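# Inside the fold
As a plain string of letters, each chain reads:
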Amino acid sequence: MAEGPIPLRVSNKKAYVWDVDDVAKLRSRHGICGMLTGTLPHLSQQNVFLGVPLLLMPEEAVFLVEKGLACLVDDKNAHHDPGLSRLAKWDNSRLKAIERQLALAEEEQEAKEHQYSTMTEQAIRKRNERERKKAFVASFPNDSSSSSTEPAGNVLAHDSDNTASDTRRGQDSSGTSKAGTAGATFTVHVGAPSSQLDWYQQSSHSFTTLASAREAGIWDYPSTPEERARCAVFRELRGKGYYLGIGTKFGGDYLVYPGDPLRYHSHFVASVIASPRTPLRPMEIVAHGRLGTGTKKSHLLCEWNEDNDVVTSFSIEWARFG
Amino acid sequence: MSTVTNMQTHPSYPELTRYLSKYPSSAGALFQTFNDITFAQKWTNVELVDLPNCQRAGIKGLRPSSDDGELPSTCIVLPCSLAESISTSYFSAAFTSLGESAPKQIYLAICAEDSSTVYYKIGKGIVKPSI
């Protein structure tokens, strides 16, 4: 099972994962959860499961690349110009897909008509009566019910399943239908990952080291002592088997989970301390400690010592006396 | 009869003298914490520990058993003032000074000017919350 590194598609210095299989691999094999961010702009709720792309924290991307588990792809430049022949091929398959859908819809319609032609006389009579009533009601100008668009003599049932497509069938004179696809609906599928496109060439735009990505100008994390400390702390905690999430909701840098966040609550909120001598105000200890007590979590101060690359964690808890 | 009281006439003073003059910037916090630990929290076997790497003295003693039924244990308290700046190197130094038999936690006593003292447990390593 010799697989290559997982491609992280870098856009505007952020690492995204667009392939669902890779999202699953990152979580199940490497304990990297990231954050799903795919949604419609006006539906961006946090308590709904969103879709791809998965957005990684910069520390997550750095961790994966340093371990050789992932590579950084210059997403923008990996999209080559398709050229005329590829574009024609793509357009052709798009039109074929539409034709197939329309043909299928027609088949279904015929099947339904056949089905109704075997109905009892009584049922047919009842149906026609219903249609007449609806047509009568629809003849008033400001009536906007869907049956107004039904062509005369259509014996299709108006059950709720068909309403949506029937609305457009035999479209009225609003003039929105195109020639050749008069009144029928079809779905346009836009695939999420660009990796399925013929002209997406990631192999010539992949970087397996942070240094090479930095040189190419697509990645620059970490570049400050604080960012380096974050990477070190992330590496240390992930190495110990903890799963890390973003900690802003709890006043820290990371939420630390003993296992997959879908299964466990976090016991800790971690803050990164850039060096053993970085000034710390006692009031921060009070704030972190009290917040922890209120949320049944402990606060961790994770100090990085650049000299010996050692991360030392201190947990803060209210002493319950004094 | 003079009713003037000052630090020098306080019963705790003789014990603390040495450290109050060695580390003047933490003198207030040390004095306040020492009294609180000894008289209010009622720790026993209280003694002072020189912690040069923290630029102050720490207070070592036997903490009485708590409500959760924890046995009395030897602990060290690091006093500091709300107004000052400390760093995680102080915690490391305090743990190191306790040697091999060090408990897993030390206490940080944060002193305010109105004499409120709050205590926070600082554990070395990833110590799960004790609920």
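Residues numbered from 1 in each chain as written. Chains lettered and ligands numbered in written order. Predicted model: local features only at pLDDT ≥ 70, side-chain atom pairs only at ≥ 80, totals over all residues. Heavy atoms only, no water.

### Points about the overall build of chain B
Scanning chain B from terminus to terminus reveals three helices and five strands. Scanning chain B from its N terminus toward the C terminus, one meets helices and strands in the order α-α-β-β-β-α-β-β. Over its C-alpha trace chain B gives a radius of gyration of 15 Å, about what one expects of a compact globule, namely 14 Å for 131 residues. Dimensions along the principal axes, computed over C-alpha positions, put chain B at roughly 55 × 30 × 25 Å. Across the 131 residues in chain B, those meeting the buried criterion constitute 47%. Across chain B, contacts joining residues at least 24 apart in sequence account for 45% of those joining residues at least 6 apart. Total accessible area computed for chain B in this model is approximately 6,900 Å², and 53% of it derives from carbon and sulfur atoms. The centroid of the 10 positive side-chain charges in chain B is displaced by 7 Å from the centroid of its 11 negative side-chain charges. (Helix = DSSP H or I, 4+ residues; strand = E, 2+ residues; numbered from the N terminus. Rg over C-alpha atoms; globule rule 2.2 N^0.38 Å. Buried < 20%, exposed > 50% of the residue type's maximum accessible area, 1.4 Å probe, protein only. Contact = heavy atoms within 4.5 Å. Areas by Shrake-Rupley, 256 points an atom, 1.4 Å probe, with all protein chains shown as cover. Lys, Arg positive; Asp, Glu negative; His and termini not counted. Charge placed at Lys NZ, Arg CZ, Asp CG, Glu CD.)

### A closer look at the side chain of Q32 of chain B
Residues and elements named next belong to chain B. Tracing the chain through its elements places Q32 in helix α2 (residues 27-40). A polar side-chain atom of Q32 sits 3.3 Å from the main-chain carbonyl oxygen of S115. Leave out the neighbours within four places in its chain, and Q32 touches C111, A112, S115, S116 and T117. (Polar contact = N/O pair within 3.5 Å; in protein donor to acceptor, adjacent residues only side chain to side chain.)

### A word on the nonpolar core
By size, the foremost hydrophobic cluster in this structure holds 42 residues, and its most contacted members are L8, L72 and W219 of chain A. Core analysis: the second largest hydrophobic core is formed by 25 residues, I86, A94, I106 and L108 of chain B among them. (Core = buried A, V, L, I, M, F, W, Y, C linked by side-chain atoms within 4.5 Å.)

### A look at the packing of helix α1 (residues 13-22) of chain B against α2 of chain B
Think of two packed helices as two axes; the pair is described by the angle between the axes and how far apart they sit. All names here are of chain B. Orientation of α1 relative to α2, taken along the N-to-C sense of each, is 155 degrees, at an axis distance of 9 Å. With respect to each other, α1 and α2 are oriented roughly antiparallel. Note on packing geometry: the crossing formed by α1 with α2 is right-handed. Between α1 and α2, the residues in contact are E15, L16, Y19 and L20 and A27, L30, F31 and F34, respectively. Split by residue class, the contact of α1 with α2 holds seven nonpolar, no polar and one charged. (Axes fitted to C-alpha atoms, helices over the stretch in contact; angles between N-to-C directions. Parallel < 35°, antiparallel > 145°, perpendicular 65-115°, else oblique. Left-handed = near helix turned anticlockwise from the far one by under 90°. Nonpolar A, V, L, I, M, F, W, Y, C, P; charged D, E, K, R; others polar.)

### A closer look at a negative patch on the surface
Residues and elements named next belong to chain A. On the surface, E106, E107, E108, E110 and E113 cluster together into a negatively charged patch. Among the structural elements, E107 can be located in helix α4 (residues 83-117). The class for E107 is exposed, based on a relative accessible area of 53%. (Patch = residues over 30% accessible without salt bridge, like charges linked within 9 Å, V, L, I, M, F, W, Y side chains within 5 Å. Salt bridge = Lys/Arg side-chain N within 4 Å of Asp/Glu carboxyl O.)

### Points about the interface of chain A and chain B
At the interface, 35 residues of chain A touch 33 residues of chain B. Interface area, chain A with chain B, both sides summed: about 2,800 Å², of which 65% is carbon and sulfur. By the criterion of area lost to chain B, the three top residues of chain A are F314, E317 and F321 of chain A, representing 24% of everything that side buries. Across the chain A-chain B interface, the total number found is one salt bridge. E317 of chain A is paired through a salt bridge with K121 of chain B; the nearest N and O atoms lie 4.0 Å apart. Remark: the boundary between chain A and chain B carries 11 residue pairs in polar contact (both at pLDDT 80 or more). Those elements giving two or more residues to the side of chain A that touches chain B turn out to be β9 (268-273), α9 (282-295), β10 (298-305) and β11 (310-318) of chain A. (Buried area = accessible area lost by both parts, 1.4 Å probe.)

### Remarks on the packing of helix α2 (residues 58-66) of chain A against helix α8 (residues 225-239) of chain A
Residues and elements named next belong to chain A. Remark: α2 packs on α8, axes separated minimally by 9 Å, with the N-to-C direction vectors making an angle of 65 degrees. Taken together, the axes of α2 and α8 are roughly perpendicular relative to one another. Considering only the axes of α2 and α8, their crossing is right-handed. Residues E59, E60, V62, F63 and E66 of α2 pack against R230, C231, F234, R235 and R238 of α8. Considered class by class, the residues forming the contact of α2 with α8 number four nonpolar, no polar and six charged.

### Here's the deal with the confidence of the model for chain A
Caution is warranted with low-pLDDT regions, since their predicted coordinates should not be read in detail. For chain A, the mean per-residue pLDDT works out to 84, and 85% of the residues sit at or above 70. Of the regions scoring below 50 in pLDDT, residues 143-181 of chain A engages in 44 contacts with residues more than four places distant in sequence or in other chains. (pLDDT = per-residue confidence, 0-100.)

### Looking at the UniProt feature "domain: tRNA intron endonuclease catalytic" (unreviewed entry) in chain A
The UniProt entry lists residues 230-310 of chain A under the feature "domain: tRNA intron endonuclease catalytic" (unreviewed entry), expressed in the numbering used here. Along residues 230-310 of chain A the backbone is 30% helical and 28% strand, and the end-to-end C-alpha distance reaches 12 Å. (UniProt positions renumbered as here; feature names shortened; annotations may be inferred.)

### Some points on the sheet that holds strand β3 (residues 35-38) of chain A
Residue and element names in this part refer to chain A. Pairing is mixed across the open sheet formed by six strands, whose spatial order is β3-β4-β2-β1-β5-β6. Two strands lie at the open edges of the sheet, namely β3 and β6 (206-207), each paired on one side alone. Of the strands in this sheet, β1 (6-11), β2 (14-17) and β4 (51-55) are in contact with helix α1 (residues 20-30), which crosses β1 at around 115 degrees. Contacts from α2 reach β1, β2 and β5 (70-74) within the one sheet, and its direction differs from that of β5 by about 115 degrees. (Pairing = 2+ DSSP bridges.)

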